[in-house]
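Here's the letter readout for the chains.
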Amino acid sequence: MLKSARKQEKDPEGRMPLGDHLRELRNRLVRAVLAIVVVTIVAAFFYKDIIEFFTNPILSSVGCKSTLSELAQQRSGTCARIVLNGLLTPFTLALKVSLMAGVIFASPVWLYQLWAFVAPGLHQHEKKYAYAFVGTGVPLFLGGGFFAYKTLPTMAKVLLDFSPADLDNQLPLDDLLDLIVRMVLVFGLSFELPLLLVMLNLTGVLSGKRMLGWWRGMIMGITVFAAVATPSTDPLTMLALAGPIWVLYFVATAFSLMNDSRRRRREAEGPADDEASDLDLTPEDIGEVEAISASRALPEQASTDRVNGYDDVT
């Protein structure tokens, strides 16, 4: 049985020796890995369904109404064929898809283990901010992944329209899944930009006024990023990525402006009852040294000349 080291502690502040911290980290890592392994094994029985979930919208967008298993037994000249190259490719692809599903679906477990290891070292207000960032960051990432999933069929249709007539398109399945995962990650992480800006504002690094002054450059930068991140040339896919980020950027700017205004009002009111006031730690001149008399502990100090209250013995 893996027992948490924190259950054995008696320090009310949660302080632990380094050895207990390492054992705590080991136990939580083992739990997280076990959860990923269990979910990966379960997902291995459904990996074909997972693949079809991602590939069927793309196939439908290019004129293929059949599933992958049906396309394996027939030829369609109007749509692309998704193929596998190599003898070991089906096995490695099954492992890759199962592991990816295991990491995603086991994320509540390993995220909780990470949080349980870090949380005891945080103050109460830091825990509040952490809950807010996690509660906001996860929906933003899922929203970006959803946009990627919905725009991939349109992107695939535009790209395949460049194919010459009477040619059969063969798409390696492993490359296609890599593209899908990359697009989901790019969309998901790009939706985290407003959260990063808000975090910088809360820590006092970036002001809302400065963010508002950057709006022209940010719109241009987001547009260029969306054009580079989306491999298709159609403006619809680019706008599907750039548009929501524009909106989220201005939402983050509005929040930062309100937070700056609230911070100025709080500073004008002075510190609260449970906050320490600011101290002036500027060094000051202490003035002239005053001579004081001191009892002589040594016999030889009796006849010693004193200079500024000190003798040559001491």
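Residues numbered from 1 in each chain as written. Predicted model: local features only at pLDDT ≥ 70, side-chain atom pairs only at ≥ 80, totals over all residues. Heavy atoms only, no water.

A.B. asks: Describe the overall build of the chain, and please don't skip the residues or the numbers.
C.D. replies: Check the secondary structure of the chain and you find 11 helices and 2 strands. Here the chain, with 314 residues, has 32% of them falling under the buried criterion. Taking all contacts inside the chain whose residues are at least 6 apart in sequence as the whole, residues at least 24 apart take part in 69%. As displayed, the chain offers around 21200 Å² of accessible surface, 65% of which is attributable to carbon and sulfur atoms. (Helix = DSSP H or I, 4+ residues; strand = E, 2+ residues; numbered from the N terminus. Buried < 20%, exposed > 50% of the residue type's maximum accessible area, 1.4 Å probe, protein only. Contact = heavy atoms within 4.5 Å. Areas by Shrake-Rupley, 256 points an atom, 1.4 Å probe, with all protein chains shown as cover.)

A.B. asks: Tell me about the nonpolar core, and please be specific about residues and values.
C.D. replies: Within soluble globular proteins, side chains that are nonpolar generally end up buried alongside one another. Ranked by internal contacts, the top residues of the largest apolar core, which has 36 residues, are Leu177 and Leu241. Those elements giving two or more residues to this core turn out to be α2 (47-61), α4 (89-105), α6 (124-160), α7 (173-190), α8 (193-202), α10 (215-229) and α11 (235-269). With 7 residues, α7 is the single largest residue contributor to this core. (Core = buried A, V, L, I, M, F, W, Y, C linked by side-chain atoms within 4.5 Å.)

A.B. asks: Help me get a handle on the packing of helix α1 (residues 18-44) against α4, residues and values and all.
C.D. replies: Taken N-terminus to C-terminus, the directions of α1 and α4 make an angle of 130°; their axes are 8 Å apart at the nearest point. One element, α1, and the other, α4, form an angle in the oblique class. Handedness of the crossing formed by α1 with α4: right-handed. Residue-level contacts link Ile36, Val39, Thr40, Ala43 and Ala44 of α1 to Ser98, Leu99, Ala101, Gly102, Val103 and Phe105 of α4. Among the residues forming the contact of α1 with α4, the class breakdown is 8 nonpolar, 3 polar and no charged. (Axes fitted to C-alpha atoms, helices over the stretch in contact; angles between N-to-C directions. Parallel < 35°, antiparallel > 145°, perpendicular 65-115°, else oblique. Left-handed = near helix turned anticlockwise from the far one by under 90°. Nonpolar A, V, L, I, M, F, W, Y, C, P; charged D, E, K, R; others polar.)

A.B. asks: For the side chain of threonine 253, give the residues involved together with the corresponding values.
C.D. replies: By the secondary structure assignment, threonine 253 is in helix α11. Among the residues examined, threonine 253 registers a relative accessible area of 2% and is labelled buried. Sequence-distant contacts of threonine 253, that is, excluding residues within four places in its chain, are made with Gly208, Met211 and Leu212.

A.B. asks: Tell me about the side chain of asparagine 201, and name the residues and values.
C.D. replies: Structurally, asparagine 201 can be placed in helix α8. By relative accessible area, asparagine 201 is classed as buried at 0%. Here the side chain of asparagine 201 touches leucine 206 through a polar contact of 2.9 Å, landing on its backbone oxygen. When sequence neighbours within four positions are dropped, the list of residues in contact with asparagine 201 reads Leu206, Ser207, Gly208, Ser256, Asn259, Asp260 and Arg263. (Polar contact = N/O pair within 3.5 Å; in protein donor to acceptor, adjacent residues only side chain to side chain.)

A.B. asks: Please set out α8 residue by residue, giving values where relevant.
C.D. replies: Every buried residue belonging to α8 is among Pro194, Leu195, Leu197, Val198 and Asn201, and all of these are buried. For α8, the angular spread of the buried residues around the axis is 160°, confining them to a single face. Just downstream of α8, glycine 204 is the residue with a positive phi angle, here 85°. (Arc of directions from axis to C-beta.)

A.B. asks: Could you give an account of the packing of aromatic side chains, with specific residues and numbers?
C.D. replies: Counting across every chain of the model gives 5 aromatic pairs. When the ring of phenylalanine 53 is compared with that of phenylalanine 54, the centres are 5.3 Å apart and the planes differ by 80°; the resulting orientation is edge-to-face. Centroid distance phenylalanine 53 to tyrosine 149: 5.0 Å. Interplanar angle 10°. Geometry classified as stacked. On the criterion of sequence distance, the pair formed by phenylalanine 53 in helix α2 and tyrosine 149 in helix α6 is long-range, its members being 96 residues apart. (Phe/Tyr/Trp six-rings, centres within 6.5 Å; stacked < 30°, edge-to-face > 60°.)

A.B. asks: Tell me about a nonpolar patch on the surface, residues and numbers included.
C.D. replies: Residues Val33, Val37, Val38, Ile41, Val42, Phe45 and Phe46 make up a contiguous nonpolar surface patch of about 690 Å² in total accessible area. On the accessibility criterion, valine 37 (41% relative accessible area) is partly exposed. (Patch = residues over 30% accessible without salt bridge, like charges linked within 9 Å, V, L, I, M, F, W, Y side chains within 5 Å. Salt bridge = Lys/Arg side-chain N within 4 Å of Asp/Glu carboxyl O.)

A.B. asks: Tell me about the pattern of salt bridges, residues and numbers included.
C.D. replies: The tally for this structure, following the rule as stated, stands at 3 salt bridges. For the salt bridge of aspartate 178 with lysine 96, the shortest nitrogen-to-oxygen distance reads 3.5 Å. On the criterion of sequence distance, the pair formed by aspartate 178 in helix α7 and lysine 96 in helix α4 is long-range, its members being 82 residues apart. With its nearest N and O atoms 3.6 Å apart, the salt bridge here joins aspartate 260 to arginine 263. Taken as a pair, aspartate 260 and arginine 263 lie in helix α11 at a separation of 3 residues, close to a single helical turn.

A.B. asks: Outline the confidence of the model for the chain, supporting the account with residue identities and numerical values.
C.D. replies: Averaged over the chain, the pLDDT score is 75; the fraction of residues at 70 or greater is 73%. Below pLDDT 50 for its whole length, residues 1-6 participates in 20 contacts with residues either more than four positions away or in separate chains. (pLDDT = per-residue confidence, 0-100.)

A.B. asks: For a positive patch on the surface, give the residues involved together with the corresponding values.
C.D. replies: The grouping of Lys128, Lys209, Arg262, Arg264, Arg265 and Arg266 at the surface amounts to a positive patch. Its place among the elements puts lysine 209 in helix α9 (residues 208-213). The exposure class of lysine 209 is exposed, given its relative accessible area of 69%. (Lys, Arg positive; Asp, Glu negative; His and termini not counted. Charge placed at Lys NZ, Arg CZ, Asp CG, Glu CD.)

A.B. asks: Describe the environment of methionine 218, and please don't skip the residues or the numbers.
C.D. replies: As for its placement among the helices and strands, methionine 218 is situated in helix α10. The spacing of methionine 218 and isoleucine 245 is 27 residues in sequence and 9.9 Å in space, taken between C-alpha atoms. If sequence neighbours within four positions are ignored, methionine 218 has contacts with Leu193 and Tyr249.

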